[in-house]
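Read off the chains here:
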Amino acid sequence: MNAKSTYHLSCPIPKTEYEHILMAHGGGGKLTRQLIEKMFYSGLGNPILEKGHDGAFLPSIKGEIAFTTDSFVVDPVFFPGGDIGDLAVNGTVNDLLCCGAEPLYISLAFILEEGLLMENLWKIVCSIKKAADAAGVKIVTGDTKVVERGKGDGIYINTTGIGRILPEQNISPENSCEGDVVIINGHIGNHGIAIMSARKGLKLNTHVKSDTQSLSGMMMDLFNKVPGIHVLRDPTRGGLASSLNEIAQSSKSGITLYESSLPINEGVRGACEIMGFDPLYIANEGKMVVILPQESAQKALAIMRSHKEGTESRIIGKVTSSHPGILQMETTIGTHRIVDMISGEQLPRIC
Amino acid sequence: MKHIDEYRDRELVEKLARKIGKEVTRNWNIMEVCGGQTHAIMKYNLLQLLPPEISLIHGPGCPVCVTPIEMIDHAIALARLDRVILTSFGDMLRVPGSISDLLTEKARGGDIRMVYSPLDAVELAASNSEYEVIFFAVGFETTAPAVALAIQQAKKRNLNNFSVLVSHVLVPPAIEALLSSADHRIDAFLAAGHVCAIMGTHEYLPIAEKHRLPIVITGFEPVDILMGIFHAIEMLEQGRFGIKNSYSRIVKPEGNQKAQDLLKEVFVEEEREWRGIGPIPLSGYILSDGYSNFDAVKRYKLKKGIAADYGSCMAGLVLTGRKRPSECINFGTTCIPERPMGAPMVSSEGACAAYYKYHRSSANLQ
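Residues numbered from 1 in each chain as written. Chains lettered and ligands numbered in written order. Predicted model: local features only at pLDDT ≥ 70, side-chain atom pairs only at ≥ 80, totals over all residues. Heavy atoms only, no water.

*Asks:* How do you make sense of the overall build of chain A when you look at a structure like this?
*Replies:* A count of helices and strands for chain A gives nine helices and 13 strands. Against the 2.2 N^0.38 benchmark of 20 Å for 351 residues, chain A shows a C-alpha radius of gyration of 21 Å, consistent with a compact globule. Seen along its three principal axes, the alpha-carbon backbone of chain A occupies a region of about 65 × 50 × 30 Å. For chain A, with 351 residues in total, the buried portion stands at 57%. (Helix = DSSP H or I, 4+ residues; strand = E, 2+ residues; numbered from the N terminus. Rg over C-alpha atoms; globule rule 2.2 N^0.38 Å. Buried < 20%, exposed > 50% of the residue type's maximum accessible area, 1.4 Å probe, protein only.)

*Asks:* What should I look at first to understand the environment of N94 of chain A in this one?
*Replies:* Residues and elements named next belong to chain A. As for its placement among the helices and strands, N94 is situated in helix α3 (residues 84-98). Each C-alpha atom, one on N94 and one on G161, is 9.8 Å from the other, the two residues being 67 residues apart in sequence. If near-sequence neighbours (up to four positions away) are discounted, N94 is found in contact with Q213, S214, L215, D234, E285, G286 and M288. (Contact = heavy atoms within 4.5 Å.)

*Asks:* Any chance you could explain the sheet that holds strand β2 (residues 54-61) of chain B here in plain terms?
*Replies:* Picture the strands of a sheet paired through backbone hydrogen bonds; they go either parallel or antiparallel. All names here are of chain B. Pairing is parallel across the open sheet formed by five strands, whose spatial order is β2-β1-β7-β8-β9. Every other strand in the sheet has two partners, leaving β2 and β9 (242-245) as the edge strands with one partner each. Averaged over all pairs of adjacent strands, the angle between their axes in this sheet comes to 25°, without regard to strand direction. By the bridge criterion, six bridges tie strand β1 (residues 28-34) to β2 in an arrangement that is parallel. Of the residues in β2, the one forming a bridge with N29 is S55. Together, β1, β2, β7 (188-192) and β8 (214-218) form the strand contacts of helix α2 (residues 35-43), whose direction differs from that of β1 by roughly 120°. (Pairing = 2+ DSSP bridges. Axes fitted to C-alpha atoms, helices over the stretch in contact; angles between N-to-C directions.)

*Asks:* Would you mind showing me how to read the interface of chain A and chain B here?
*Replies:* Often, the extent of an interface is quoted as the loss of accessible area upon association of its parts. Contacts between the two partners involve 23 residues from chain A and, on the opposite side, 27 residues from chain B. Summed over both partners, the interface of chain A with chain B comes to about 2100 Å²; 50% of that surface belongs to carbon and sulfur atoms. Ranking the residues of chain A by area buried against chain B places I333, R337 and I338 of chain A at the top, with a combined share of 28%. Where chain A touches chain B, the interface holds two salt bridges. The partner of D5 of chain B in a salt bridge is R269 of chain A, and the shortest N-O contact between them spans 2.8 Å. Counting residues per element, the ones that place at least two in the side of chain A that touches chain B are α8 (266-275) and β13 (336-338) of chain A. Tallying contributions element by element places α8 of chain A first for the side of chain A that touches chain B, with five residues. Residues of the side of chain A that touches chain B, tallied by class, amount to seven nonpolar, eight polar and eight charged. (Buried area = accessible area lost by both parts, 1.4 Å probe. Salt bridge = Lys/Arg side-chain N within 4 Å of Asp/Glu carboxyl O. Nonpolar A, V, L, I, M, F, W, Y, C, P; charged D, E, K, R; others polar.)

*Asks:* Is there a simple way to explain the pattern of salt bridges in this structure?
*Replies:* Pairing is possible between side chains of opposite charge, provided their charged atoms come close. Residues and elements named next belong to chain B. Using the criterion set out here, one finds 23 salt bridges over all chains in the structure. Across the salt bridge formed by K210 and E176, the nearest N and O atoms sit 2.6 Å from each other. Pair noted here: K210 is in helix α10 (residues 204-211) and E176 is in helix α8 (residues 171-180), with a separation of 34 residues, a long-range link. Residue K210 is classed as exposed on the basis of its relative accessible area, which comes to 55%.

*Asks:* Teacher, can you tell me more about the sheet that holds β13 of chain A here?
*Replies:* All names here are of chain A. The mixed open sheet is built from seven strands, whose spatial order is β8-β10-β7-β11-β9-β12-β13. The sheet is open, and its two borders are formed by β8 (231-233) and β13, each paired with just one other strand. For this sheet, the mean angle separating the axes of adjacent strands, direction not counted, is 25°. Where strand β7 (residues 180-184) meets strand β10 (residues 289-293), five bridges bridge the pair, whose relative direction is antiparallel. Counterpart to I184 in the pairing with β10 is V289.

*Asks:* Explain the nonpolar core here, please?
*Replies:* Buried together is how nonpolar side chains tend to be arranged in soluble globular proteins. Within the largest apolar cluster, 90 residues are counted, with the highest numbers of intra-cluster contacts made by I151, F162, F189 and F267 of chain B. Taken together, domain 1 (68-168 + 256-299) and domain 2 (315-364) of chain B each give at least three residues to this core, which thus spans both. Setting aside residues no more than four positions away along its own chain, I151 of chain B makes contact with F162, V164, V266, F267, L287, Y291 and F294 of chain B. Residues F79, I171, L222 and F223 of chain A belong to the second largest nonpolar core, which totals 65 residues. (Core = buried A, V, L, I, M, F, W, Y, C linked by side-chain atoms within 4.5 Å. Domains from an automatic or database assignment.)

*Asks:* Mind showing me how you'd approach unusual backbone geometry here?
*Replies:* Glycine aside, residues mostly have negative phi angles, and peptide bonds mostly take the trans form. Geometrically, the link from D75 of chain A to P76 of chain A is a cis peptide bond, its omega value of 5° lying close to zero. Summarising the element assignment, P76 of chain A is placed in the loop between β1 (65-72) and β2 (78-79). Positive phi, close to 55°, is recorded for N158 of chain B, a residue that is not glycine. In this fold, N158 of chain B is placed in the loop between α7 (144-156) and β6 (162-168). Judged by relative accessible area, N158 of chain B falls into the exposed class, the value being 58%. Residues other than glycine seldom take positive phi values, yet K301 of chain B does so here, at roughly 50°. Position of K301 of chain B relative to the elements: it lies in the loop between α13 (296-299) and α14 (315-319). Take K301 of chain B: its relative accessible area is 63%, and that puts it in the exposed class.

*Asks:* Looking at this structure, how should I read the packing of aromatic side chains?
*Replies:* Between two aromatic rings, the relevant description is the distance of the centres plus the angle of the planes. Residue and element names in this part refer to chain B. Tallied over the entire structure, the rule returns six aromatic pairs over all chains. Consider the rings of F89 and F135, whose centres lie 5.4 Å apart with planes at 80°: the pair is edge-to-face. Highlighted residues: F89 in the loop between β3 (84-88) and α5 (102-107) and F135 in strand β5 (residues 132-139), separated in sequence by 46 residues. As far as the burial class goes, F89 and F135 line up, both buried. A cation over a ring is seen here: K19 above F230, with NZ or CZ 4.5 Å from the ring centre. Taking NZ or CZ as reference, R249 lies 3.4 Å from the ring centre of Y7, over its face. (Phe/Tyr/Trp six-rings, centres within 6.5 Å; stacked < 30°, edge-to-face > 60°. Lys NZ or Arg CZ within 6 Å of the ring centre and 35° of its normal.)

*Asks:* Help me out: how do you make sense of the domain arrangement of chain A in this one?
*Replies:* Residues and elements named next belong to chain A. The domain boundaries assigned to chain A delineate domain 1 (3-165) and domain 2 (173-338). Put simply, the middle of domain 1 and the middle of domain 2, counted by C-alpha atoms, are 28 Å apart. With 21 residues of domain 1 in contact, the opposing surface of domain 2 contributes 23 residues. Together, the buried faces of domain 1 and domain 2 total about 1600 Å²; carbon and sulfur atoms form 63% of this surface. The largest per-residue losses of area from domain 1 upon contact with domain 2 belong to P80, L97 and C98, which jointly make up 31% of the total buried on that side. Along the contact surface separating domain 1 from domain 2 lie one salt bridge. The residue R199 makes a salt bridge to D75 at a minimum N-O spacing of 3.9 Å. Across the contact surface, domain 1 and domain 2 share seven residue pairs in polar contact (both at pLDDT 80 or more). Of all the secondary-structure elements, those providing two or more residues to the side of domain 1 that touches domain 2 are α3 and β4 (101-113). The element best represented in the side of domain 1 that touches domain 2 is α3, accounting for nine residues. Here the residues of the side of domain 1 that touches domain 2 are counted per class, giving eleven nonpolar, six polar and four charged. (Polar contact = N/O pair within 3.5 Å; in protein donor to acceptor, adjacent residues only side chain to side chain.)

If you want it as structure tokens, here you go:
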């Protein structure tokens, strides 16, 4: 089914009726019902969701199940390259992929602030639908609560995700070992800088867009064709540096990054130079760190590059036994230094 | 990226390192004044490229580190007042005062906001007339002009709900104070290029001549820093002293006249306490008579507190170049960025933070 043909951008709750979310939309009565039916069923509907039970009845899944949860509180809700809706779906899908699982089902719990424009909620629902279709997942259950004006920030979304673990893959951060290479599927730092540029008061004049995207297509292809992947991690909050530090610590192996190989676009670099940020710590929402044995690297790169999410895939580092638990950088001038975990927060409310 | 990549060029860096190696014949201690330079040295591990005869010692140029504890306590007291919005730069929020820090106060309910420019604080005052907006101003001569401009704008716009807690400090008096102590071991200075971009170079010549050493105005990229070191070594080896502008693409001898005029109008110099170092004559700014209405110390009648010390923290010795961060017994054990004992472990310009972040211990430095 063509995702674009299933919905359009005009809100199904007529403006003349309710332009904004009211407290009563979370009250469990007629308005809640109307919101669920007109907004959520018409935007996200599928037979499992529309059964309207207190929970979803899912068909049996063969083998181990991956189960994840995430909350989204991004500020602002709409940002260059996406909004809280596709961010929530993509983030949950990518977390399942990191477990070596095929993403199947997602739940959505909305915490809406009284006064949220119905039109904006509809835009977010449309983004959710589009992202879920692109990733091949179904929204199967949900919940809606409304908080008083001033007690939320428009909208928060909590998700859970369920996926089928692929038995042929055994992915875990402890698995990285000497001789592995570190691959990333594209430019780093775009999401964080896009959010920053959309924030009030920062006046950061950049055209950087968030990289929020589902990596389902690329990763499922990789899972099917390249067995023996050791580690997967989506470098979201805390950026690439934090993800690789966690992997180095879990596996008690060292990781060396090549600074000159890091893909960072000019807009992100420029913004980081001005603001004093390090792109290694800036959040990504459509990136995957893939760690696998050197001998599988070229095949993996070819597969990743054949997908639009991975055209810029490249090797950015290696796993070594020489500095266990530590992420080291070979700098552009050929010297070495540690790349630490981020201390404190570089920028809050990023996802 | 133009104007950056050429100053991080590997070939150029290696060529400069070789030139330095050829020039040096004996041991020299060179102090880089600015914390930004310390961080660049650690981030690019320039020590790995330098001959063993050269020791880089790190100076007091971390404004957050030298901000007296009394000022942080003042800021905390102000943030606890009703209908007050306290604003400052991000680094300042994490520095421990004598009983608390601003991030903790924020979590407890204080309206404390991080801004990227003092002008943002002025806008905040304009759009929140029922609140008092206070900007906690720290920094050297580099950030002072923006603060001066903000205060000037607030005056022009009659924003009586805006005031500034001024804790600005000045570089040349600090260099003079370091050189006046009997036990210093500094053979040459790398002066902070961006301070000189504002103030010019003339203040440094009398210091260089009085103490008969080289002061080299230096930038912040690897090539800039190595160039500064090369010029310092060249002068030291030839027995010359005086000033050398090694950052002429940014620094003009006369500096930025407009910024200097602004500073003269809004501020006057006075003695200032430097945390970990002590009082230094004429080393800080207070507001001039024409702008004293905007002085938060006066407006809120803040009382002078006790200048508390760092306790077992060696910040004072680190800030004056007498100890390396890794020589402190607390470094990396009881003192880490998440649980700092002193500001040098907190600030993005602090030497302890640079050592910890990029190398953990001196063992990792080559």
